[in-house]
Amino acid sequence: MRVMVLVKATKDSEAGIMPSTELLEAMGKFNEELVNAGIMQAGEGLKPSSQGRRVAFDGPNRTVVDGPFAQTNELVAGYWLWEVRDMAEAVEWVKRCPNPMPGPSEIEIRPIYEMADFAEVMTPEVSELHDRTSEKLADR
């Protein structure tokens, strides 16, 4: 099962306050454990939302909104992509994670849709398109 593990933003991360050397070292060691266990597939920290953009969709219309964005606790400051046996294993790994922020913080775990989840609506054409895209990504 693949999961996206989302590190929620805080006032400090949105202010662009960089983590301490100690926190970077602790997170580096944790990431190394994840890689060695075959769990971590990808992961990165994100710059503050003040450096981001949102594109709002309404039918054919697109509106670009510059950051920063309100509701700091709803923003994402970083992520991992993990391959785990089940949600319980993902929770156990997150519980081992160093606190990713200087103060109180939160990490969210979300299962990723797999192609099998779309079996009811999957046509051969859509399946072929997905396969071609997946092959191109794998070639990178």
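Structure first, text after, so check above.
Our subject in this report is the structure included herewith. This one's a predicted model, so the numbers in the text were calculated from it and none came from an experiment.

### Examining the overall build of the protein chain
No. 1: Across its full length, the protein chain holds 4 helices and 6 strands.
No. 2: In the protein chain, the succession of helices and strands from N to C terminus is β-α-α-β-β-β-β-α-β-α.
No. 3: When its C-alpha atoms are laid out on the principal axes, the protein chain stretches across 50 × 40 × 30 Å.
No. 4: Across the protein chain, the fraction of contacts at a sequence separation of at least 24, relative to all contacts at a separation of at least 6, is 76%.
No. 5: On the protein chain, roughly 10000 Å² of surface is accessible, and the fraction owed to carbon and sulfur atoms is 54%.
No. 6: In the protein chain, 15 side chains carry a positive charge and 24 a negative one; their mean positions are 5 Å apart.

### A word on the packing of aromatic side chains
No. 1: Scanning the model with the defined rule gives 4 aromatic pairs in all.
No. 2: Here F30 and W80 contribute two aromatic rings whose centre-to-centre distance is 5.8 Å and whose plane-to-plane angle is 75°, an arrangement assigned as edge-to-face. With F30 in helix 2 (residues 21–36) and W80 in strand 5 (residues 76–83), this pair connects stretches of sequence that are 50 residues apart. Accessibility assignment for this pair places F30 and W80 in one class, buried.
No. 3: Among the aromatic residues, those joined into a cluster by ring pairs are F30, W80, W82 and W93.
No. 4: Taking the ring centre of W93 as reference, the NZ or CZ of R96 above it sits at 4.2 Å.

### What about the sheet that holds strand 5?
No. 1: Ordered in space as 2-5-1-6, the 4 strands form an open sheet in which the pairing is antiparallel. Of all the strands in the sheet, just strand 2 (40–45) and strand 6 (107–111) have a single pairing partner and so form its edges. Adjacent strand axes in the sheet meet at a mean angle of 15° when their direction is disregarded.
No. 2: The pairing of strand 1 (residues 2–8) with strand 6 spans 5 bridges and is antiparallel. Following the sheet pairing, M4 is matched in strand 6 by R110.
No. 3: Strands in contact with helix 2 are strand 2 and strand 5; relative to strand 5, the strand with the most contacts, it is inclined by about 25°.
No. 4: Its contacts with the sheet place helix 3 (residues 87–96) against strand 1, strand 5 and strand 6, and it is angled at close to 160° to strand 6.

### Notes on the pairing of strand 1
No. 1: With respect to burial, strand 1 is a largely interior element, 5 of its 7 residues being buried.
No. 2: For strand 1 and strand 5, the ladder comprises 7 bridges, and the chain directions are antiparallel. When the sheet's bridge partners are listed, R2 is paired in strand 5 with E83.

### Focus: the environment of R2
No. 1: Of note, R2 is situated in strand 1.
No. 2: The spatial distance from the C-alpha of R2 to the C-alpha of I17 is 30 Å, given a sequence separation of 15 residues.
No. 3: For R2, the side chain forms a polar contact with the side chain of E114, separated by 3.0 Å.

The rules behind the values
Residue positions within a chain follow its written sequence, with the count starting from 1. Under the rules for a predicted model, residues below a pLDDT of 70 receive no local features and side-chain atom pairs below 80 are neither given nor counted, while totals for whole chains, interfaces and linings still include all residues. Here the side-chain values reflect all heavy atoms present in the structure, with hydrogen atoms and water set aside. Elements are defined by DSSP. Helices are runs of H or I of four residues or more, strands are runs of E of two residues or more, and each kind is numbered from the N terminus. Between two residues, a contact is recorded if the distance between any of their heavy atoms is within 4.5 Å. Using the Shrake-Rupley algorithm and a 1.4 Å probe, accessible areas are obtained, with residue cover drawn only from the displayed protein chains. Charged residues are defined here as Lys and Arg on the positive side and Asp and Glu on the negative side; His and the ends of the chain fall outside this count. Each charge is placed at NZ for Lys, CZ for Arg, CG for Asp and CD for Glu. Aromatic pairing here means that ring centres of Phe, Tyr or Trp (its six-membered ring) are within 6.5 Å. Orientation follows from the plane angle: under 30 degrees is stacked, over 60 is edge-to-face, and everything else is tilted. For the exposure calls, accessible area comes from a 1.4 Å probe over protein chains only, and a residue counts as buried if that area is under 20% of its type's maximum, exposed if over 50%, partly exposed in between. Both a distance and an angle decide whether a charge sits over a ring: NZ of Lys or CZ of Arg must be within 6 Å of the ring centre and within 35 degrees of the ring normal. For two strands to be treated as a pair, DSSP must find at least two bridges joining them. The axes are straight lines fitted to the C-alpha atoms, using for helices just the contacting stretch, and the angles between their N-to-C directions are given from 0 to 180°. Identification of polar contacts relies on pairs of N or O atoms within 3.5 Å, with a donor-acceptor requirement for protein atoms, meaning one able to donate a hydrogen and the other able to accept it, and with residues adjacent in sequence counted only if both atoms are side-chain atoms.

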